[in-house]
Amino acid sequence: MRAALLAEAPEALMDGLAACPQAAIDRDLDLLEAALGGEAARRVVRIWANPRCVVLSRRLAARGSLGAVADSLAGSGAAVAMRASGGTAVVHRPGVLNVSVVAVDAAPASMVHAYTELTGLLSRALARLGIETQPGAAAGACCDGDHNLLWRGRKLAGTAAVVRRRGGRTARLVHASLTIWGDLRDDLALVARAEACLTVRGDYVHGAHATLAQAMAEVRGKRRHQVANPPRATFR
């Protein structure tokens, strides 16, 4: 998937698996501030990964005690981190690839445009792997929204955003978490455990989510079937 993303965005920054989840999340904000201050390129794409953690929006975290959340996750191997963008809890871990786009508006632009730029990048990269996706909501998915990336109606990636303005300039950070492989039931259990400490009772559905590995398995299965069952030539 990284290779497919680099084919679509060869200028992207590639960060390996971070040592500190919070520092990796905050790097997005550093890039946003640098772009807003004219200290960096007007558009930056970053591809990165985090250790196992549950990431809360600051708004969600304000509803309760982070200590209680950390206690609830004790023994799971998952840390707690916070992000500036909106939404509810999500899981970062090996097997989840994060993609961020930071851009300074060259002209007045909407958030829909910013989200579309990111989901379009992901969709084009996935198309290189034979995976067809569409943006949209997935009923029953955690941290659901209109700008998820869906495969067969199931959430493959979720997105969130931050907007900063200064001196007449507007910069937008839009990031996505794409699930490549892993145990989705375990992810949802971690989210539910964390959110319960913050008085959020999400009734999440495992079937509303998908991994890239599941999608790729189906693509490979279809290709094997086509090889084993080539179309018969017809003669008139």
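Reading the values: the criteria
- Residues numbered from 1 in each chain as written.
- Predicted model: local features only at pLDDT ≥ 70, side-chain atom pairs only at ≥ 80, totals over all residues.
- Heavy atoms only, no water.
- Helix = DSSP H or I, 4+ residues; strand = E, 2+ residues; numbered from the N terminus.
- Rg over C-alpha atoms; globule rule 2.2 N^0.38 Å.
- Buried < 20%, exposed > 50% of the residue type's maximum accessible area, 1.4 Å probe, protein only.
- Contact = heavy atoms within 4.5 Å.
- 1 Å grid on protein atoms, 1.4 Å probe; cavity = no way out; pocket = protein on both sides within 12 Å on 5 of 7 lines; lining within 4 Å.
- Points joined across faces, edges and corners; volume = space filled by probe spheres on them.
- Nonpolar A, V, L, I, M, F, W, Y, C, P; charged D, E, K, R; others polar.
- Pairing = 2+ DSSP bridges.
- Axes fitted to C-alpha atoms, helices over the stretch in contact; angles between N-to-C directions.
- Phe/Tyr/Trp six-rings, centres within 6.5 Å; stacked < 30°, edge-to-face > 60°.
- Lys NZ or Arg CZ within 6 Å of the ring centre and 35° of its normal.

Caption draft 1: Focus on the overall build of the chain. Looking only at helices and strands, the chain features seven helices and ten strands. Against the compact-globule benchmark of 18 Å for 236 residues, the chain has a radius of gyration of 19 Å, which places it among compact chains. Expressed along its principal axes, the backbone C-alpha trace of the chain runs to roughly 70 × 45 × 30 Å. Relative to its full complement of 236 residues, the chain shows a buried share of 47%. Intrachain contacts of the chain at a sequence separation of at least 6 include 75% that bridge at least 24 residues.

Caption draft 2: Looking closely at empty space enclosed by the protein. Under the definition given, this model contains two cavities of 30 Å³ or more. In this structure, the largest cavity encloses a volume near 420 Å³. If you trace the largest cavity, you find 29 residues lining it, with V90, V91, K155, G158 and S177 closest to the centre. Elements supplying a minimum of two residues to the lining of the largest cavity: α2 (21–36), β5 (90–92), β6 (96–104), β9 (154–166), β10 (169–179) and α6 (184–196). With six residues, the single largest contributor to the lining of the largest cavity is β9. Of the residues in the lining of the largest cavity, the class split is 16 nonpolar, nine polar and four charged.

Caption draft 3: Region of the structure containing the sheet that holds strand β1 (residues 13–17). Pairing in this open sheet of seven strands is mixed, and the strands run β1-β2-β6-β10-β9-β8-β7 from one edge to the other. Edge positions in the sheet fall to β1 and β7 (134–136), since each has one partner strand and no second. The average undirected angle you get between the axes of adjacent strands in this sheet is 20°. Here three bridges tie β1 to strand β2 (residues 43–49), and the two strands are oriented parallel to one another. In the sheet register, M14 faces β2, and the bridge partner there is I47.

Caption draft 4: Representation of the sheet that holds β5 within the structure. The strand order β4-β3-β5 describes an open sheet built from three strands, whose pairing is mixed. If you trace the sheet from one side to the other, it starts and ends with β4 (79–83) and β5, each paired once. On average, adjacent strands in this sheet sit at an angle of 35° to one another, irrespective of strand direction. Of the strand pairs in this sheet, strand β3 (residues 53–57) and β4 are connected by five bridges, and their pairing is parallel. By the bridge assignment for β4, L56 is matched with M82. α2 contacts β3, β4 and β5 of the sheet and is inclined by roughly 15° relative to β4. Running over the sheet, α6 touches β3 and β5 and is turned about 125° from β5.

Caption draft 5: The packing of aromatic side chains, seen in detail. Enumeration according to the criterion identifies zero aromatic pairs in this entry. Between the NZ or CZ atom of R46 and the centre of the ring of W48, over which it lies, the distance is 4.3 Å. Sitting over the ring of W181, R93 keeps its end group 5.8 Å from the ring centre.

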